[in-house]
Amino acid sequence: MLYRDFGKTGEKISALGFGCMRLPEFEKDGKWYIDEEKAIPLLQSAYEKGVNYFDSAVYYCHSNSEALVGKALKSVRDKVMLSTKIPLGGEVQETKDYRKMLEQSLTRMDTDYIDFYHFWGISKDAYDNKIDRLGLMKEALKAKEEGLIRHISFSFHDDPKNIKYIIDKAEFMESMLVQYNLLDRSNEEMIEYAQSKGLGTVAMGPVGGGRLAAPTELYTKLTGKPAIATYELAFKFVLGNPNLNCALSGMQNMDMLEQNVKVASDENPLTEAEWKQLGESMEQIKKFSDLYCTGCSYCQPCPAEINIPKIFNMFTYHNVYGLSGHAKWEFGDYVEKGGKTIKDCQGCGFCEEKCPQKLKIRKELVRVEKILKNL
Ligand code: SF4
Ligand code: SF4
């Protein structure tokens, strides 16, 4: 495993971080549980393979992630860095809610301190109207002084230019977690800015929400070396960015862990020339981003039971990989088995309110389904 200086936090972070939002789960009597028999060995094995950064959040895995992560890593607590997040929605209305939410996370994770406590998914508006207006930064600094948190961080879902606004205003921020991958480089400039200001930088969605599992010839074209899996190239690309300290992956099984560890341990990542060349090829790849759905499922459950991420993923097969036959077959199969489509939409707007990518989901469903039907 490769380790990098984590901004100016004084920490060394593993190039691969564990995103604890897709741990194996099962449903029983309408309730969701994490499959501990699979998830605990997975997290412990990640630690043994050198991963030292584990990123959770209150609502990950049907709100069970924090507790499971704390339990799995209890015996090595002082050797790993735990990250979690405070949501800034209805949960935080008053200044004192910061401490309440923090204490709840500490209890769930069964720990005395959190290494990186993030303001979760903030926008400029959330910064102004929650963090600033309620004086939450002061609360964070107090918690830091008391040793309840070690570093103050934020994750971000907004227009990239607002990252600068936040970094410049919130001088005590120590690390930043943003979306960044081969298909979505919109935050690249701000990652560089954050590094220049001493913040540690972590990428989420480094392999495009799993859309990059297919093999690619692109690497061969660029380097003349044998083709590699697209996810591997995607990972190499993210880790090839010198301003990026760590790439999170929401690993679900040992295979994924092993594949990712292999890439994150590669002493010979992309050369600077290859990295740049790959960047230049982005124009060609841009069409991939026509519909940038990460598969996060925040738009679910849709009251009309439309499986939005699944339909968008089928479109990706066609649009990104040119696997049109497969996309057509999958969509046909989905409809034949009673899968709901845009014609069932009740127009509630829930999905669009929740989508971090701000996709015009209903409009896109109309467009995408038409294409899939007519392939
Ligand atoms: S607007 Fe339509 S697609 Fe979106 S959540 Fe509501 S019913 Fe589902
Ligand atoms: S919330 Fe948006 S990005 Fe996430 S799965 Fe739904 S459509 Fe895709």
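Conventions we followed
- Residues numbered from 1 in each chain as written.
- Chains lettered and ligands numbered in written order.
- Predicted model: local features only at pLDDT ≥ 70, side-chain atom pairs only at ≥ 80, totals over all residues.
- Heavy atoms only, no water.
- Helix = DSSP H or I, 4+ residues; strand = E, 2+ residues; numbered from the N terminus.
- Contact = heavy atoms within 4.5 Å.
- Polar contact = N/O pair within 3.5 Å; in protein donor to acceptor, adjacent residues only side chain to side chain.
- Near = heavy atom within 4 Å.
- Nonpolar A, V, L, I, M, F, W, Y, C, P; charged D, E, K, R; others polar.
- Pairing = 2+ DSSP bridges.
- Axes fitted to C-alpha atoms, helices over the stretch in contact; angles between N-to-C directions.
- Buried < 20%, exposed > 50% of the residue type's maximum accessible area, 1.4 Å probe, protein only.
- Domains from an automatic or database assignment.
- Salt bridge = Lys/Arg side-chain N within 4 Å of Asp/Glu carboxyl O.

Asks: So, the environment of Gln300: which residues are in play, and what are the values?
Replies: Along the chain, Gln300 falls in the loop between helix H13 (282-285) and helix H14 (308-319). Residues Gln300 and Lys354, 54 residues apart in the sequence, show an inter-C-alpha distance of 8.7 Å. Dropping the residues within four chain positions of it, Gln300 is found in contact with Ile306, Asn307, Ile308, Pro309 and Phe350. At 3.0 Å, the side chain of Gln300 and the backbone oxygen of Ile306 are in polar contact.

Asks: Can you tell me about the site of ligand 1, naming the residues and giving the values?
Replies: Close contacts around ligand 1 come from Cys302, Pro303, Ala304, Ile306, Cys345, Gln346, Gly347, Cys348, Gly349, Cys351 and Arg362, and that covers them all. Residue composition of the shell around ligand 1, by class: seven nonpolar, three polar and one charged.

Asks: Describe the sheet that holds strand E6 (residues 53-55), naming the residues involved and giving the relevant values.
Replies: Around the barrel, eight strands lie side by side as E3-E6-E7-E8-E9-E10-E11-E14; this closed barrel has parallel pairing. Sheet twist, expressed as the average angle between the axes of neighbouring strands with direction ignored, equals 30 degrees.

Asks: Describe the pairing of strand E9 (residues 149-156), naming the residues involved and giving the relevant values.
Replies: Across the eight residues that make up E9, a large majority, seven, are buried. Bridge count for strand E8 (residues 114-122) against E9 is six bridges, and the pairing is parallel. The residue bridging His118 from the neighbouring strand is Ser153, located in E9. Pairing geometry for E9 and strand E10 (residues 175-179), over three bridges, is parallel.

Asks: How would you explain the domain arrangement of the chain if you had to name every residue and give the values?
Replies: Parsing the chain into structural domains produces domain 1 (3-285) and domain 2 (291-373). Taken over C-alpha atoms, the centre of domain 1 sits 26 Å from the centre of domain 2.

Asks: Describe the pattern of salt bridges, listing the residues and the values that go with them.
Replies: Under the counting rule described, the total for this entry stands at 23 salt bridges. A salt bridge links Lys71 to Glu36, with the shortest nitrogen-to-oxygen separation between them at 2.7 Å. Of this pair, Lys71 sits in helix H3 (residues 65-72) while Glu36 sits in helix H1 (residues 36-48), and the two are 35 residues apart along the sequence. Since its relative accessible area comes to 36%, Glu36 is described here as partly exposed. Several salt bridges share partner residues, and in doing so they unite Glu11, Arg77, Asp115 and Arg150 into one network.

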